[in-house]
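# Topology and contacts: notes
If you want the building blocks of each chain, they are given just below.
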Amino acid sequence: MNQSSPAMVKAEGVHKSFGPVEVLKGIDLEVKSGEVFCLIGPSGSGKSTFLRCINHLEKVNAGRLYVDGELVGYRQKGDKLYELKDGEVARKRRDIGMVFQRFNLFPHMTAVENVMEAPVQVKGVSKAQARERAGQLLERVGLADKAKNYPSQLSGGQQQRVAIARALAMDPKLMLFDEPTSALDPELVGDVLDVMRDLAESGMTMVVVTHEMGFAREVGDSLVFMDGGVVVESGLPRDVLTDPQHERTKSFLSKVL
Amino acid sequence: MTADVNKTAGPDATPPAGPEAIKAVPVRHPGRYVSAAVALFLLGSVIYAFAQGKINWGAIPEYFFDDRIIDGVLNTLLLTVLSMVIGIAGGVLLAVMRLSKNPVTSSIAWFYIWFFRGTPVLVQLFVWFNLGLVFEYINMGPFYKDYWSSFMTPLLAALLGLGLNEAAYMAEICRAGLLSVDEGQTEASHALGMSHTKTLRRIVIPQAMRVIVPPTGNEVINMLKTTSLVSAVQFYDLFKEAQDIGQNAGSPVEMYFLAAAWYLIMTSILSVGQYYVERHYARGSSRSLPPTPLQRLRAAVLPTRRPKGVAV
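Along each chain, residue indices are assigned from 1 in the same order as the chain's sequence is written. Labels are handed out in written order, letters beginning with A for the chains and numbers beginning with 1 for the ligands. Reporting of local features is limited, given that this is a predicted model, to residues whose pLDDT is at least 70; pairs of side-chain atoms are given and counted only at 80 or more, and all residues count toward the totals for whole chains, interfaces and linings. The basis for every side-chain value is the complete set of non-hydrogen atoms in the structure, without hydrogens or water.

Rules: UniProt positions are given in the numbering used here, feature names are shortened, and annotations may be inferred rather than shown by experiment.
Going by an unreviewed UniProt entry, chain B carries the name Histidine/lysine/arginine/ornithine transport system permease protein HisM and comes from Streptomyces prasinus. Per UniProt, chain B has the following entry under Sequence similarities (unreviewed entry): "Belongs to the binding-protein-dependent transport system permease family." As stated in UniProt under Subcellular location (unreviewed entry), the record for chain B gives "Cell membrane".

As annotated in an unreviewed UniProt entry, chain A is Amino acid ABC transporter ATP-binding protein from Streptomyces prasinus. UniProt, in the comment section headed Subcellular location (unreviewed entry), describes chain A in these words: "Cell membrane".

Spelled out as structure tokens, the structure:
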């Protein structure tokens, strides 16, 4: 049923509750292959939760979520759903890179070891090969000289760039960014955005939760404004940001722009 | 009061060659001298009292390196190491079981910890030693078959008693360590496609070690001393050997002093080892590792050289 759709991510009526609190109240959206898809909205609007559903860090309660045509977290046989085993979930996550707001680098490993870890442990790449690749990736994010530093010896912006390199080391077909610059000092934001812009130009499919409206406008291909667990408005970034149709979008943008 | 504060007060003031160092009269601490005098007096009286007592001090150096004592020391060390190995391995296993989502394994772990932490280790030692009353034989199919009494040697009873009891304590220490690791670490590892086991082994446990190691060092030192209980199951450790010599030579109290000296020597060595293990696991958690005592010494002697291996 999904053969006709070239969508990398497709959400159909996605619901998510934490106990009695309903965080996502039916999300429908489509991320095309190769596009940069930006999610904006006030905190608590459910944008981060939705992002975490895409690689099954959160379980969807209702609706369907597809990545590259495959159902996330479940297997469908007839009209019955079967939960995937941990190993199967892990296998699907290999193809989805994720970058966190708080970097979450492994503090007991150097930068290059952080980048090597998953290819060696998950894909069984030889250490020498992984180290060489990790060196190239660190060079790509402009940190070749920091390979032997521990995360605590790096600035926030440098840590986040290592985290991006770490995610890229698995050769993902989709990258998720969860407010990647929100925990950074203003002057360090630019370096991280440069790396992301570079990545977007290389054709990577990216879903970006962000408060960087400038980035969304320049680099984004589509933009969604979420509030209260629903998609309020979506369209081309320039259209939504400069000429919002919805009252809620207008008041949000007037505060952040 | 002698420092000229006006020089650097105003924003326009231009200090010629850096601010002048303050030369002030330091605060006196007469309390320190008084307490030192009191402490010295008390120490002197205790030493005098012991020297006056009816203790045959000569017996201690005479037996200090006696073969039986050395045997006892080695047995104590062996028992400490093996019991701690059982304790740590069991503790990690129990902690992981306790934290697992599987309700059966977590209840089993809870029950184990409840039982072994709730009964005295001396009682456990006696129970292991006397289980022959319950099981006459031990039968492990084709591998091993024997009478319980010849299977349960003093060493085995001591190991089981100390090791399994220790596992219950280590389980709580390890659990605290595993819980101390930020959840974001597990998430990042899962997001990279790493399995639960790999995440635990490669990401969580190495970071938990920083929290686990210091109390574990305590446990090792505690274990070294607790091994003295195994004389109850006829195991010849340092304490048992010293006791036996004391009874034969008619100097029991002297031999207790001797044993105490040996225990003190061994625990001191362990404390040094603990320092280096803690330093190893501090890797990455702070910007630079604290210098080792050796490096500190070298830095003091050769002040210009930077200690090797210390990140800046």
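The structure having been displayed, the exposition proceeds.
## Here we look at the overall build of chain A
Worth spelling out the cut-off: Secondary structure elements follow DSSP: runs of H or I no shorter than four residues count as helices, runs of E no shorter than two count as strands, and numbering proceeds from the N terminus. Just to be clear, the radius of gyration here is over C-alpha atoms, and the globule rule we use is 2.2 Å times residues to the power 0.38. Remark: exposure states derive from per-residue accessible area (1.4 Å probe, protein chains only) relative to the maximum for the residue type, with buried under 20%, exposed over 50%, and partly exposed in between. By the convention used here, residues are in contact when the closest approach between their heavy atoms is within 4.5 Å.
Within chain A, the regular secondary structure consists of nine helices and 12 strands. What you see for chain A is a C-alpha radius of gyration of 18 Å, in line with the 18 Å of a compact globule of 257 residues. Expressed along its principal axes, the backbone C-alpha trace of chain A runs to roughly 50 × 50 × 35 Å. Residues counted as buried form 54% of the 257 residues belonging to chain A. A separation threshold of at least 6 residues defines the contact pool for chain A, and within that pool the share at least 24 residues apart is 64%.

## Structural notes on the side chain of S189 of chain B
Among the secondary structure elements, S189 of chain B is positioned in helix 9 (residues 183-191). If sequence neighbours within four positions are ignored, S189 of chain B has contacts with F106 of chain A together with M194, T199 and I203 of chain B.

## Points about the UniProt feature "transmembrane region" (unreviewed entry) in chain B
All names here are of chain B. The UniProt record annotates "transmembrane region" (unreviewed entry) at residues 33-51, 72-97, 109-135, 147-164 and 256-277. In the segment residues 33-51, helix accounts for 100% and strand for 0%; the C-alpha atoms at its two ends are 27 Å apart. Secondary structure across residues 109-135 divides into 70% helix and 0% strand, with the first and last C-alpha atoms of the span separated by 25 Å.

## Some details on the interface of chain B and chain A
Our working definition: Here the buried area means the combined drop in accessible surface, using a 1.4 Å probe, for two parts upon being joined, counting both sides. Polar contact criterion, stated in full: a pair of N or O atoms within 3.5 Å, where within protein one must be able to donate a hydrogen and the other to accept it, and residues adjacent in sequence count only if both atoms are side-chain atoms. Residue polarity follows a fixed list, in which Ala, Val, Leu, Ile, Met, Phe, Trp, Tyr, Cys and Pro are nonpolar, Asp, Glu, Lys and Arg are charged, and the others, Gly among them, are polar.
At the interface, 23 residues of chain B touch 26 residues of chain A. Between chain B and chain A, roughly 2200 Å² of surface is buried when both sides are summed, and carbon and sulfur atoms account for 55% of that area. Our count for the chain B to chain A interface comes out at seven residue pairs in polar contact (both at pLDDT 80 or more). Elements with a minimum of two residues in the side of chain B that touches chain A: helix 9 and helix 10 (196-226) of chain B. Residues of the side of chain B that touches chain A, tallied by class, amount to seven nonpolar, nine polar and seven charged.

## Here we look at the packing of aromatic side chains
The test is simple: Put simply, two rings from Phe, Tyr or Trp (the six-membered ring, in Trp's case) pair if the centres are within 6.5 Å, and we call them stacked under 30 degrees between planes, edge-to-face over 60, tilted for the rest. Any Lys NZ or Arg CZ found within 6 Å of a ring centre and within 35 degrees of that ring's normal is scored as a charge over the ring.
All told, the structure shown has 13 aromatic pairs over all chains when counted by the stated rule. Ring plane angle 55° and centroid distance 5.6 Å describe the contact between Y144 of chain B and F151 of chain B, whose orientation is recorded as tilted. The exposure class of F151 of chain B is buried, given its relative accessible area of 17%. Aromatic pair F239 of chain B and Y256 of chain B: ring centres 5.9 Å apart, planes at 15°, arrangement stacked. With a gap of 17 residues between them, F239 of chain B in helix 11 (residues 238-249) and Y256 of chain B in helix 12 (residues 252-281) connect regions that are remote in the sequence. We classify Y256 of chain B as partly exposed; its relative accessible area is 36%. Here the aromatic cluster, defined as three or more aromatic residues joined through ring pairs, consists of F50, W57 and F257 of chain B. Sitting above the plane of the Y82 of chain A ring, K77 of chain A keeps its charged end 5.9 Å from the centroid. Over the ring of Y236 of chain B we find K240 of chain B, and its NZ or CZ is 5.5 Å from the ring centre.

## Digging into the environment of I203 of chain B
Inspection of the secondary structure assignment puts I203 of chain B in helix 10. As a C-alpha pair, I203 of chain B and A188 of chain B span 15 residues in sequence and 9.7 Å in three-dimensional space. If near-sequence neighbours (up to four positions away) are discounted, I203 of chain B is found in contact with F106, H108, M109 and E117 of chain A together with Q185, S189, M194 and K198 of chain B.

## What to know about the packing of helix 5 (residues 103-118) of chain B against helix 8 (residues 154-180) of chain B
Residue and element names in this part refer to chain B. To keep things clear, this is the line we draw: Only the contacting stretch of a helix is used when fitting its axis, a line to C-alpha atoms as for every element, and angles between N-to-C directions run 0 to 180 degrees. In what follows, roughly perpendicular refers to angles from 65 to 115 degrees, roughly parallel to angles under 35, roughly antiparallel to angles over 145, and oblique to any angle outside these ranges. The handedness criterion is simple: a crossing whose near helix is rotated anticlockwise from the far helix by less than a right angle is left-handed, and one whose near helix is rotated clockwise is right-handed.
Where helix 5 contacts helix 8, the two axes come as close as 8 Å, and the packing angle between them is 120°. The pairing of helix 5 with helix 8 is recorded here as oblique in orientation. Once helix 5 is placed against helix 8, the crossing between them reads as left-handed. Residues Y112, I113, F116 and R117 of helix 5 form the contact with helix 8, whose participating residues are L164, N165, A167, A168, Y169, A171 and E172. Residues that form the contact of helix 5 with helix 8 fall into these classes: eight nonpolar, one polar and two charged.

## As for the confidence of the model for chain B
Residues and elements named next belong to chain B. Counted only if it meets this: The predictor attaches a confidence to each residue, and that confidence, scored 0 to 100, is pLDDT.
Averaged over every residue, the pLDDT of chain B is 86; residues scoring 70 or more account for 88%. Confidence, read as mean pLDDT per element, is least for helix 1 (residues 6-9) in chain B (46) and greatest for helix 9 (96). Within the model, the stretch residues 1-10 combines pLDDT values under 50 with five contacts to residues more than four positions away or in other chains. Prediction confidence for the complex, expressed as pTM and ipTM, is 0.78 and 0.92 respectively.

## Section: the sheet that holds strand 1 (residues 7-18) of chain A
Residues and elements named next belong to chain A. Quick note on the threshold: Paired strands are those between which DSSP finds at least two bridges.
Taking strand neighbours across the sheet as the criterion, the four strands line up as 2-1-4-5 in an open arrangement whose pairing is antiparallel. Looking at the sheet topology across the chains shown, the edges are occupied by strand 2 (21-32) and strand 5 (70-71). Taken together, the two bridges between strand 4 (residues 62-67) and strand 5 define a ladder with antiparallel strand orientation. Bridge assignment links V67 to a residue of strand 5, and that residue is E70.

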